[in-house]
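In case you want the letters, here they are:
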There are 2 protein chains.
Amino acid sequence: MPLFLNNDEVDQLITMKDTMEALEILYRELGAGAAVTAPRSDVHSPTAAAQNAEGPMAHYLKSMSGASPHFETAALRFSSDIVAWRHTGGGMRREKLPMLPGERWMGIILLFSSANGELLAIMNDGVLQRFRVGGANGVSTKYLARQDAENVGLIGSGWQAGTQVMAVCEARKIKKIKVFSPTKANRERFANETSAQVAVEIIPVDSYEAAVKDVDIVISSTNARKPFLGKWALSEGVHISAMQRDEFDDEALNACSPLIVHSHATENNVTSSALAHFEQDGFKLRDHPTARGIDWQSLPTLPDLLSGRVAGRENDQQITGFVNNIGMGAQFAAVGKKVYDAAKATGAGHEVPSEWFTQDVHP
Amino acid sequence: MPLFLNNDEVDQLITMKDTMEALEILYRELGAGAAVTAPRSDVHSPTAAAQNAEGPMAHYLKSMSGASPHFETAALRFSSDIVAWRHTGGGMRREKLPMLPGERWMGIILLFSSANGELLAIMNDGVLQRFRVGGANGVSTKYLARQDAENVGLIGSGWQAGTQVMAVCEARKIKKIKVFSPTKANRERFANETSAQVAVEIIPVDSYEAAVKDVDIVISSTNARKPFLGKWALSEGVHISAMQRDEFDDEALNACSPLIVHSHATENNVTSSALAHFEQDGFKLRDHPTARGIDWQSLPTLPDLLSGRVAGRENDQQITGFVNNIGMGAQFAAVGKKVYDAAKATGAGHEVPSEWFTQDVHP
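All right, on to the nonpolar core then. Formed by 224 residues in total, the largest nonpolar core has its most connected members in A:Leu128, A:Val339, B:Leu128 and B:Val339. Shared between two domains, this core takes at least three residues from each, and those domains are domain 1 (3–129 + 328–356) and domain 2 (144–264 + 296–323) of chain B. Apart from the residues within four sequence positions on either side, B:Val339 is in contact with B:Leu5, B:Val10, B:Leu13, B:Ile14, B:Met123 and B:Leu128.

Take a look at the structure:
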């Protein structure tokens, strides 16, 4: 019978160690062509939701899938959201609104056995999503940062920054982390809370410059849509670990050798033409990245790095870089299996009637 | 709270009239660019299932999605199957094996509200799948067959042939249907059972030729992988309605004016290279159609026809044709809403805890 696991349960079961172990295996399998990951499907359509005076709104159904032969699993992750675009200081910003009863969102991972096809688990995706993002950056750091790296500069203090800290502490013996984000209260709260979790000193600092000064690893964990970290943020031998594409500028990224991206998978984006007139306003309905001088498709991927097709760090002077440019459905097949196994071992979650998901007719 | 509907419940709630009404609206919306449908994602990976002596086996995770603004819904349909390829008289044939406990398959439709994003229903997909296939052919017949069409020749007597009969009877006032399939017992049983359902005379006949002689509409409903119906099967003024691509040969299809396909949507097919050696044996892991002299992408679609971009039948002499070449996720958004509304009106199905599918963290 399928197991249902909510976010609180996933949070009790998941560890960054397991996440990074699972992702390492997956990236090797992807590098060898054994594991598979399909492009994401994004379906945007007009919504009858209360309209937003500041910009367009749409219903957004997202899905992605993939499979890991090692873990004998496949996964389908989906979310159904009302999204709104609002003007902010930095241009239009897309927001997922909590429109469901109780101000909730919907995001689900379905984990299947590839041995017999059965649905193993239904999980809320929020916590696992956070771990697989941090975990991908953590694996890159394990393979690219200097072996003696111990000081980290972190830009950003949001929910995702927490798993970025867990991941860097898993990848290296970190002694000190400096954190900067524009709101003082946020960075101070983050430093307090996260320091206790990882048992590493985390110091809030007053500027971007202070955060990146004299560190071995720079982590960016923001939702910026315009690059704001330049070559000034880099020093000899540093590893930069970006959570998304538009944090470090072209010059900074071009200074990295190697510069590794997460994946070349793209998205299949279909949008009702009823929404097309909004595209005139200088932004896209999907948060398309700003035009960049970087040819992302030409860059090696994390699976290329882990399977040895490209060399990693070769000396302590070079600057290395990783950009977590796009997620993969297959991450949920690998990390999801770790969470499922932990749930079975501890009796967590509760079972869902399997007849709901199966049928006696050949579809 | 989401409603769960199994196949028996869907079968009680669904009608061919509702199905064709919903699809007509959807095709107009698609023709106008208001509705959207995303390419199907097919993920194939090696399976640890008991191996098949006759050929390869794989785990196959399929998903497709789409949205209909008219119905204020979006849908995600997925299935998780163990597939095996076996030698048959006509070459390799792909089969979905009932590997789940109780010899069952898994196929699910998730129906979402595009007004607030909530999950409205979880449905087994077998019955609805059958109706949406027949319904697409039925809509084509409504728009392309002669107004006075009353005699039908049907090739095939499987499960899908039943909804093809319902659909043609919904599209025109049909008086007589002749059915041929190679096994006598099958066509006789089909004629008996289906005749009672649609209150139209259905006569089993002994050959392809007898089935298509002196009829106004020829329907093919088979899983052939090599075309077997030629120009000899066509007569002046006939409409041909093919359930899939490889039933009528190139010459027969080229005799049609217009020749309409269902959709230009393609699939995103990702296959583990661990399965690649099987591709040497002269077949593809996906049931790729045989090479054809038809440029499917250049042909008008059913949405093109219903939105008036291409002309339909202009006289009683011309031969018209429709090929249901590939399905669309958006069909489940439209027809699924009809089933959901019928369930709400009658109190059918049972509710699933909505907290299983929602979360209080922003994913």
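All right, on to the pairing of strand S8 (residues 119–124) of chain B then. Residue and element names in this part refer to chain B. Here S8 lies mainly inside the structure; five of its six residues are buried. Looking at chain direction, strand S7 (residues 106–113) and S8 are connected through five bridges and run antiparallel. Note that in S8 the partner of Leu111 across the bridge is Ala121. Connecting the antiparallel pair S7 and S8 is a turn made up of five residues, with Gly117 showing a positive phi of about 90°.

So, on to the sheet that holds strand S16 (residues 320–323) of chain A. Residue and element names in this part refer to chain A. The strand order across the open sheet built from seven strands is S11-S10-S9-S12-S13-S16-S14, with neighbouring strands paired in parallel fashion. Since the sheet does not close on itself, it has two edges, and those belong to strand S11 (201–204) and strand S14 (259–261), each with one partner. Strand after strand, the sheet turns through a mean of 15° between neighbouring axes, direction not considered. For strand S13 (residues 239–242) and S16, the ladder comprises four bridges, and the chain directions are parallel. Along S16, the bridge assignment pairs His239 with Thr320. Each of strand S12 (217–220), S13, S14 and S16 touches helix H3 (residues 126–144); the most contacted strand, S13, lies at about 170° to it. Of the strands in this sheet, strand S9 (151–155), strand S10 (176–180) and S12 touch helix H4 (residues 159–171), which is tilted by about 165° from S9.

Another aspect to go through is the relation of the copies chain B and chain A. Rotating chain B by 180° about the axis while translating it 0.0 Å along that axis superimposes it on chain A, leaving an RMSD of 0.0 Å. In symmetry terms, the pair is related by a two-fold rotation axis. When you check the interface residues of chain B against chain A, 100% turn up at the interface there too, and the contact is symmetric in its surfaces.

This part is about the interface of chain B and chain A. In this assembly, 65 residues from chain B lie in contact with 65 residues from chain A. For the side of chain B that touches chain A, the secondary-structure elements that each account for two or more residues are strand S2 (36–37), strand S3 (40–45), strand S4 (57–68), strand S5 (73–88), S7, S8, helix H3 (126–144) and strand S15 (267–271) of chain B. Residue contributions to the side of chain B that touches chain A peak at seven residues, all from S5(B). Class assignment for the residues of the side of chain B that touches chain A results in 32 nonpolar, 26 polar and seven charged.

What follows is about the sheet that holds strand S12 (residues 217–220) of chain B. Residue and element names in this part refer to chain B. With respect to topology, seven strands assemble into an open sheet ordered S11-S10-S9-S12-S13-S16-S14, the strand pairing being parallel. Because the sheet does not close on itself, it has two edges, and the strands there are strand S11 (201–204) and strand S14 (259–261). Strand-to-strand twist of the sheet, defined as the mean angle between neighbouring strand axes without regard to direction, takes the value 15°. Strand direction decides the pairing type here: strand S9 (residues 151–155) and S12, joined by four bridges, are parallel. Bridge assignment links Gly153 to a residue of S12, and that residue is Val218. The strands touched by helix H4 (residues 159–171) are S9, strand S10 (176–180) and S12; relative to S9, the strand with the most contacts, the crossing angle is about 165°. Lying on the sheet, helix H5 (residues 184–198) is in contact with S10 and S11; it crosses S11 at an angle near 175°.

In this section: the confidence of the model for chain A. In this model, chain A carries an average pLDDT of 91, and 93% of its residues clear a pLDDT of 70 or more. Across the interfaces of the predicted complex, the ipTM metric reaches 0.92, alongside a pTM of 0.94.

Moving on, we come to the packing of helix H2 (residues 16–31) of chain A against H4(A). Residue and element names in this part refer to chain A. At a closest axis distance of 10 Å, the pairing of H2 and H4 adopts a crossing angle of 70°. It follows from the interaxial angle that H2 and H4 lie roughly perpendicular. Across the interface between the two elements, Met16, Lys17 and Met20 of H2 pack against Thr163, Met166, Ala167 and Glu170 of H4. Looking at side-chain class alone, the contact of H2 with H4 contains four nonpolar, one polar and two charged residues.

As for its placement among the helices and strands, A:Ala115 is situated in the loop between strand S7 (106–113) and strand S8 (119–124). The spatial distance from the C-alpha of A:Ala115 to the C-alpha of A:Phe131 is 26 Å, given a sequence separation of 16 residues. Contacts of A:Ala115, omitting those with residues within four sequence positions, involve A:Glu72, B:Thr47, B:Ala48 and B:Ala49.

Rules of the game
- The residue count restarts for each chain, going from 1 along the sequence in the order it is written.
- Chain labels run from A onward and ligand labels from 1 onward, assigned in the order the entries are written.
- In view of the model being predicted, local features appear only for residues whose pLDDT reaches at least 70, and side-chain atom pairs are presented and counted only at 80 or more, with totals across whole chains, interfaces and linings using the full set of residues.
- The term nonpolar core refers to a group of buried residues, namely Ala, Val, Leu, Ile, Met, Phe, Trp, Tyr and Cys, whose C-beta atoms join them within 7 Å.
- Every C-beta atom is placed from the backbone, and the number of other C-beta atoms within 10 Å of a residue's own sets its class: buried at 20 or more, exposed at 12 or fewer, partly exposed in between.
- Domains are outlined according to an automatic or database domain assignment.
- By definition, residues are in contact whenever their C-beta atoms, placed on the basis of the backbone, come within 7 Å of each other.
- Only runs of H or I of at least four residues qualify as helices and only runs of E of at least two qualify as strands under DSSP, and these elements are numbered from the N terminus.
- Paired strands are those between which DSSP finds at least two bridges.
- Only the contacting stretch of a helix is used when fitting its axis, a line to C-alpha atoms as for every element, and angles between N-to-C directions run 0 to 180 degrees.
- For this overlay, a least-squares fit was computed on C-alpha atoms, restricted to residues scoring pLDDT of at least 70 in both copies.
- Nonpolar residues are Ala, Val, Leu, Ile, Met, Phe, Trp, Tyr, Cys and Pro. Charged residues are Asp, Glu, Lys and Arg, and all others, Gly as well, are polar.
- For every residue, the predictor states its confidence as a pLDDT score lying anywhere from 0 to 100.
- Angles are sorted into four bins: roughly parallel if under 35 degrees, roughly antiparallel if over 145, roughly perpendicular if 65 to 115, and oblique for all others.

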